[in-house]
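Take a look at the letters that make up each chain.
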Amino acid sequence: MTLLVQISDTHVVERGTLLYGMADTARHLAEAVSQINSMRPRPDLVLITGDLVEHPGARTYSHFRDLIAPLAMPVYLMPGNHDNPYYMAEFFGDTEMFPGEAPHYQYAIEGPDFRTLMLNSHLDGSELPCFGERRLQWLRYELESSDQPTLVAIHHPPMTTGVGFIDMVGPDWYQGIGELLAEHPQVLKVICGHGHFDLSGMIGDVPVQMAGAIAHQLIAGRVIDIAPSFDPMPVPPTLHHWTDGGLVSGYYPWPDGVDAERIDKSSNMDWEVLKDRMRGSLK
Ligand SMILES: [Fe+2]
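Read on for an overview of the structure. (Residues numbered from 1 in each chain as written. Predicted model: local features only at pLDDT ≥ 70, side-chain atom pairs only at ≥ 80, totals over all residues. Heavy atoms only, no water.)

1. Considerations on the overall build of the protein chain
A count of helices and strands for the protein chain gives 8 helices and 13 strands. Relative to a compact globule of 283 residues, whose C-alpha radius of gyration would be 19 Å, the protein chain shows 20 Å and is just as compact. Its C-alpha atoms give the protein chain principal-axis dimensions of roughly 65 × 45 × 45 Å. In the protein chain, of all internal contacts separated by at least 6 residues, the share reaching a separation of at least 24 is 66%. Summed over all atoms, the accessible surface of the protein chain reaches about 13500 Å², with 53% contributed by carbon and sulfur. Distance between charge centres in the protein chain, computed from 18 positive and 37 negative side chains, equals 8 Å. (Helix = DSSP H or I, 4+ residues; strand = E, 2+ residues; numbered from the N terminus. Rg over C-alpha atoms; globule rule 2.2 N^0.38 Å. Contact = heavy atoms within 4.5 Å. Areas by Shrake-Rupley, 256 points an atom, 1.4 Å probe, with all protein chains shown as cover. Lys, Arg positive; Asp, Glu negative; His and termini not counted. Charge placed at Lys NZ, Arg CZ, Asp CG, Glu CD.)

Here you go:
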């Protein structure tokens, strides 16, 4: 069994400041870390799918690093458009959190049930995604080297989202990824962030799941092209649970006090009896 937790778009800013003066991204990340550490059974690993900080630099990455330090399981990082993979390689080089190396800054996480390929869609100096020939070559090599079930993680969503300001870059940047996935049926799912809202779609025959952000959400217009609204609230961590040879995925909140709220405690009934009732076997 593997339990993988994903959080995305933490957008940590300098200590003591709020993102855009509105969102307490440090508190949101600290709360997510606390929830993840409280989950039972304990998740096996945590992926943070980019936009770790709002502005890359020593002060923001050190703040981010202090906030995730309490995580009790291995943590893996990838760059988003707000990050800088060169700084990340330098800043996290003394840890196992970002083993990506130049020129592509991508890496594989090997697991007992499935492997995860951590891709890099960062384009220097731009919000836009990029996935050039060197990154594709690496992905091709990794997909050809193992037919173990595979999860692909990337910051930008490689799909049409229906949201104009995300889709305006067009589909060309992920065409090569789509062609490779079509040739490699071991890829189970693509997970991503970037949009600051949750959405599921497809790239070819492969499901794509975009997680909302820890920093804040965007309420983005569908169909009509209107500016997004800012909601300074986090989403819960996303759990990807290996079961029956595949992954089931969804938000997995684990707030303080969840144990006291369990229905066997609030009803003062044994859980095995409650389960029988739920099955309809008790009158
Ligand atoms: Fe973001």
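2. Observations concerning unusual backbone geometry
Here the residue pair Arg40 and Pro41 is connected by a cis peptide bond, since its omega of -10 degrees sits within 30 degrees of zero. Structurally, Pro41 is set in the loop between helix 1 (25–38) and strand 2 (45–48). Here His194, not a glycine, exhibits a phi torsion of approximately 85 degrees, which is positive. Mapping His194 onto the fold places it in the loop between strand 7 (187–192) and strand 8 (199–203). One non-glycine residue, His196, lies in positive phi territory at about 60 degrees.

3. Considering a nonpolar patch on the surface
Taken together, the side chains of Val223, Ile224 and Ile226 present a nonpolar region at the surface, about 340 Å² in accessible area. Of the residues examined, Ile226 reaches a relative accessible area of 46% and is grouped as partly exposed. (Patch = residues over 30% accessible without salt bridge, like charges linked within 9 Å, V, L, I, M, F, W, Y side chains within 5 Å. Salt bridge = Lys/Arg side-chain N within 4 Å of Asp/Glu carboxyl O. Buried < 20%, exposed > 50% of the residue type's maximum accessible area, 1.4 Å probe, protein only.)

4. Section: the nonpolar core
By size, the foremost hydrophobic cluster in this structure holds 44 residues, and its most contacted members are Leu29, Leu47, Ile48, Phe64, Ile68 and Leu77. The element best represented in this core is helix 1, accounting for 5 residues. In this structure, Leu117, Val152, Tyr174 and Val190 belong to the second largest nonpolar core, which totals 27 residues. (Core = buried A, V, L, I, M, F, W, Y, C linked by side-chain atoms within 4.5 Å.)

5. With respect to the pattern of salt bridges
Taken as a whole and judged by the stated rule, the model has 12 salt bridges. Glu14 is the partner of Arg59 in a salt bridge, and the nearest nitrogen-oxygen pair spans 3.6 Å. Residue Arg59 is located in helix 2 (residues 58–68), and its partner Glu14 is located in the loop between strand 1 (3–7) and helix 1; the two are separated by 45 residues in the primary sequence. A residue is classified by how much of its surface remains accessible, and Glu14, at 37% relative accessible area, is partly exposed. Close ionic contact of Asp259 with Arg262 constitutes a salt bridge, the shortest N to O distance being 3.2 Å. Among the charged side chains, a network of salt bridges with common partners joins Asp24, Arg27 and Glu31.

6. Let's talk about the sheet that holds strand 1
Through backbone hydrogen bonds, the strands of a sheet pair up, either in parallel or in antiparallel fashion. The strand order across the open sheet formed by 5 strands is 3-2-1-12-13, and the pairing between neighbours is mixed. With partners counted over all chains shown, the strands left at the sheet margins are strand 3 (75–77) and strand 13 (246–251), one partner each. In this sheet, adjacent strand axes meet at a mean angle of 25 degrees when their direction is disregarded. Bridge analysis of strand 12 (residues 238–243) against strand 13 gives 6 bridges, and the strand direction is antiparallel. The partner of Thr243 across the bridge, within strand 13, is Gly246. (Pairing = 2+ DSSP bridges. Axes fitted to C-alpha atoms, helices over the stretch in contact; angles between N-to-C directions.)

7. A short note on the sheet that holds strand 5 (residues 115–118)
The mixed open sheet is built from 6 strands, whose spatial order is 4-5-6-7-9-8. The open sheet has two edge strands, strand 4 (107–109) and strand 8, and neither has a second partner. The sheet shows a mean angle of 25 degrees between the axes of neighbouring strands, taken without regard to direction. Bridge count for strand 5 against strand 6 (residues 150–153) is 4 bridges, and the pairing is parallel. Its bridge partner lying in strand 6, Arg115 is registered against Thr150. Against the sheet, helix 4 (residues 133–145) engages strand 4, strand 5, strand 6 and strand 7, with an angle of about 175 degrees to strand 5.

Don't take any of this as a statement about function, it's just geometry.
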